[in-house]
Number of protein chains: 2
Amino acid sequence: MSLPHAILTALLEKPSSGLELTRRFDRSIGYFWSATHQQIYRELGKLEAEGHIRALPSEQPARGQKKSYEVLPAGRAELARWTAASQDPKPYRETLFLRLRAAAAIGTEGVAGIETDLRRHLELHRRQLSEYEEIEQRDFPPGKDSPQDRLQHLILRAGIDLETFWTRWLTHALEEFAQLPDQSR
Amino acid sequence: MSLPHAILTALLEKPSSGLELTRRFDRSIGYFWSATHQQIYRELGKLEAEGHIRALPSEQPARGQKKSYEVLPAGRAELARWTAASQDPKPYRETLFLRLRAAAAIGTEGVAGIETDLRRHLELHRRQLSEYEEIEQRDFPPGKDSPQDRLQHLILRAGIDLETFWTRWLTHALEEFAQLPDQSR
DNA sequence: ACTAACATGTAACACGTTACATGATTGT
DNA sequence: ACAATCATGTAACGTGTTACATGTTAGT
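Residues numbered from 1 in each chain as written. Chains lettered and ligands numbered in written order. Predicted model: local features only at pLDDT ≥ 70, side-chain atom pairs only at ≥ 80, totals over all residues. Heavy atoms only, no water.

This part is about the protein's contact with DNA strand C. Around DNA strand C, the structure places 21 residues, and the nearest of them are Leu19(A), Tyr41(A), Met1(B), Gln38(B) and Arg42(B). For DNA strand C, the fraction of atoms within 4 Å of the protein that belong to sugar or phosphate moieties is 57%. Within the side chain of Gln39(B), a nitrogen or oxygen atom sits 2.9 Å from a phosphate oxygen of DNA strand C. Separating a base nitrogen of DNA strand C from a side-chain N or O atom of Arg42(B) is a distance of 2.6 Å. Sorting the residues of the surface near DNA strand C by element identifies helix 2 (18-26) and helix 3 (37-49) of chain A together with helix 3 (37-49) of chain B as the ones contributing at least two each. (Near = heavy atom within 4 Å. Polar contact = N/O pair within 3.5 Å; in protein donor to acceptor, adjacent residues only side chain to side chain. Helix = DSSP H or I, 4+ residues; strand = E, 2+ residues; numbered from the N terminus.)

This part takes up the domain arrangement of chain A. Examined at the domain level, chain A breaks down into domain 1 (1-82) and domain 2 (93-177). Spacing between the C-alpha centres of domain 1 of chain A and domain 2 of chain A amounts to 29 Å. (Domains from an automatic or database assignment.)

Before going further, it helps to examine the interface of chain B and chain A. Opposite the 71 residues of chain B that make contact, chain A presents 72 residues. Taken together, the links from chain B to chain A amount to seven salt bridges. Residue Arg150(B) pairs with Glu176(A) through a salt bridge whose shortest N-O separation is 2.9 Å. Across the contact surface, chain B and chain A share 37 residue pairs in polar contact (both at pLDDT 80 or more). Secondary structure elements with two or more residues in the side of chain B that touches chain A: helix 1 (3-13), helix 4 (73-84), helix 5 (95-106), helix 6 (108-139) and helix 7 (147-179) of chain B. In the side of chain B that touches chain A, the residues fall into 37 nonpolar, 19 polar and 15 charged. (Contact = heavy atoms within 4.5 Å. Salt bridge = Lys/Arg side-chain N within 4 Å of Asp/Glu carboxyl O. Nonpolar A, V, L, I, M, F, W, Y, C, P; charged D, E, K, R; others polar.)

In this section: the relation of the copies chain B and chain A. Superposing chain B onto chain A takes a rotation of 180° combined with a translation of 0.0 Å along the rotation axis, leaving an RMSD of 0.0 Å. Here the two chains are linked by the operation of a two-fold rotation axis. (Least-squares fit on C-alpha atoms with pLDDT ≥ 70 in both.)

Turning next to the packing of helix 5 of chain B against helix 6 of chain B. Residues and elements named next belong to chain B. Close contact between helix 5 and helix 6 brings their axes to 7 Å; oriented N to C, the two are set at 155°. When the axis of helix 5 is compared with that of helix 6, the two are roughly antiparallel. Crossing of helix 5 over helix 6 shows left-handed handedness. Residues Leu96, Arg99, Leu100, Ala103 and Ile106 of helix 5 form the contact with helix 6, whose own contacting residues are Thr108, Glu109, Gly110, Val111, Ile114, Asp117, Leu118 and His121. Class assignment for the residues of the contact of helix 5 with helix 6 results in seven nonpolar, three polar and three charged. (Axes fitted to C-alpha atoms, helices over the stretch in contact; angles between N-to-C directions. Parallel < 35°, antiparallel > 145°, perpendicular 65-115°, else oblique. Left-handed = near helix turned anticlockwise from the far one by under 90°.)

Around DNA strand D sit 21 residues, and of these Met1(A), Gln38(A), Arg42(A), Leu19(B) and Tyr41(B) come closest. For DNA strand D, the fraction of protein-proximal atoms (within 4 Å) that sit in sugar or phosphate groups is 58%. A distance of 3.1 Å is found between a phosphate oxygen of DNA strand D and a side-chain nitrogen or oxygen belonging to Arg93(B). Among the elements of the structure, helix 3 of chain A together with helix 2 (18-26) and helix 3 of chain B are those that each provide at least two residues to the surface near DNA strand D. Per-element accounting of the surface near DNA strand D gives the leading share, four residues, to helix 3 of chain A.

Moving on to the nonpolar core. Among the nonpolar cores identified, the biggest contains 92 residues, and Phe25(A) and Phe25(B) are the most heavily contacted of them. Residues in contact with Phe25(B), not counting those within four places in the same chain, are Leu3(B), Ala6(B), Ile7(B), Ala10(B), Gly30(B), Trp33(B), Ser34(B), Ala35(B) and Ile40(B). (Core = buried A, V, L, I, M, F, W, Y, C linked by side-chain atoms within 4.5 Å. Buried < 20%, exposed > 50% of the residue type's maximum accessible area, 1.4 Å probe, protein only.)

Moving on: the sheet that holds strand 2 (residues 53-55) of chain A. Residues and elements named next belong to chain A. An order of 1-3-2 is seen for the three strands of this open sheet, with the pairing classed as antiparallel. On the outer flanks of this sheet lie strand 1 (16-17) and strand 2, each paired with one strand and no other. In this sheet, strand 3 (residues 68-71) lies alongside strand 1 in antiparallel orientation, the contact comprising two bridges. Its bridge partner lying in strand 3, Ser16 is registered against Tyr69. Relative to the sheet, helix 1 (residues 3-13) contacts strand 1, strand 2 and strand 3, its axis offset from that of strand 3 by approximately 95°. (Pairing = 2+ DSSP bridges.)

Turning next to the side chain of Thr9(A). Along the chain, Thr9(A) falls in helix 1. Reaching out from Thr9(A), the side chain makes a polar contact with the backbone oxygen of His5(A) at a distance of 2.8 Å. The contacts of Thr9(A), once residues within four sequence positions are left out, are Leu79(A), Arg101(B), Ala102(B) and Ala105(B).

A separate point is the sheet that holds strand 3 (residues 68-71) of chain B. Residue and element names in this part refer to chain B. Sheet architecture is open: three strands sit in the order 1-3-2, paired in antiparallel fashion. Because the sheet does not close on itself, it has two edges, and the strands there are strand 1 (16-17) and strand 2 (53-55). Of the strand pairs in this sheet, strand 2 and strand 3 are connected by three bridges, and their pairing is antiparallel. Paired with Ala55 across the bridge in strand 3 is Tyr69. Strands strand 1, strand 2 and strand 3 of the sheet are contacted by helix 1, whose axis makes an angle of about 95° with strand 3.

So this is what it looks like as structure tokens:
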């Protein structure tokens with residue numbers, strides 16, 4: 001039950017239409033919570049029905065017409081409740097590790113195919129890492145340290161550290177692959 | 001579409017019944033791909049219908065009777081195909097980061113509630129980290145380095161590095177919280 | 001008039017979660 | 001006989017994914 005709260009957070013930061021939300025979920029919010037426009041429209045309907053948000057009155061509601069939403073007090077209260085509630089970490093699911101284990105179980109033929117994709121993932125994570133580092137330089141110069149800035153920076157640091165982990169681990173994995181006997185590749 | 005391949009991998013390593021699989025998904029495989037017994041039984045039914053696995057003939061099929069499965073050649077081929085296929089990283093979803101951003105958007109009241117849960121998560125990740133480190137000492141002494149061992153060790157290293165990231169980042173986050181002005185807590 | 005981009009949606013399906021149901025085996 | 005545990009399943013629901021449908025606005 002996190003998507004509605006992600007949307008409430010986004011709308012609290014700035015009232016938006018469905019498509020504007022979709023764009024924001026492709027950028028900043030999407031770095032740690034992704035969502036497609038189909039999910040967003042479905043959830044906007046639910047949140048409005050529950051009285052957590054409302055459409056800004058100015059615009060007429062019709063297909064193809066932009067419709068912006070804002071958070072109501074009930075929505076803000078629900079978000080505060082959810083944020084403070086104790087939650088267990090979600091069970092972890094990572095396809096790459098699974099594929100490595102499958103490769104080990106299959107043996108020779110299994111190991112051969114996966115190396116190319118490891119290189120591709122390494123490249124993707126390197127790009128994500130430099131994107132985060134650019135954001136850090138641009139948006140968090142030394143001295144910007146209101147409580148809001150500190151929290152946002154904390155989240156960005158997590159992204160940077162995670163991408164650093166991936167680039168290091170994938171590099172290490174490829175080195176290990178290079179050392180495997182030839183009949184396993 | 002990863003759960004069927006996780007089950008194929010587990011059965012390839014060792015033919016098992018549904019409950020045995022459930023137990024294994026609570027331990028080693030579950031460290032990077034979790035699944036409940038309901039998911040496993042549903043998927044075993046599908047895999048059998050597709051001809052990827054079969055029940056070991058010895059035992060009679062009845063409710064409450066143990067039923068073990070083994071991988072058929074078609075299943076092994078499908079697993080090899082899937083392992084070698086190029087796959088994009090899954091969109092990332094991390095509740096903790098979302099909650100921090102929500103706290104920042106809400107302001108004072110939002111920040112107050114989350115600190116306790118950060119401490120709890122830090123404790124959980126510390127425990128997971130020492131569990132992984134024990135496994136490394138027990139199962140991967142120096143000198144054990146067949147291709148299979150190397151791949152398994154690689155996966156374990158990823159787990160150790162990820163838990164190390166979490167303990168470091170959560171510790172840093174709590175230090176930042178301690179520096180926030182009092183009215184934000 | 002046509003096309004592309006914008007904007008909002010529907011439908012069908014796959015996957016994951018939670019609660020519950022049922023029979024078999026073992027210990028007391 | 002009873003309870004606990006083992007073992008396999010069903011049902012309902014929520015969330016995420018993919019494909020498609022429909023109207024609007026702006027440019028040529």
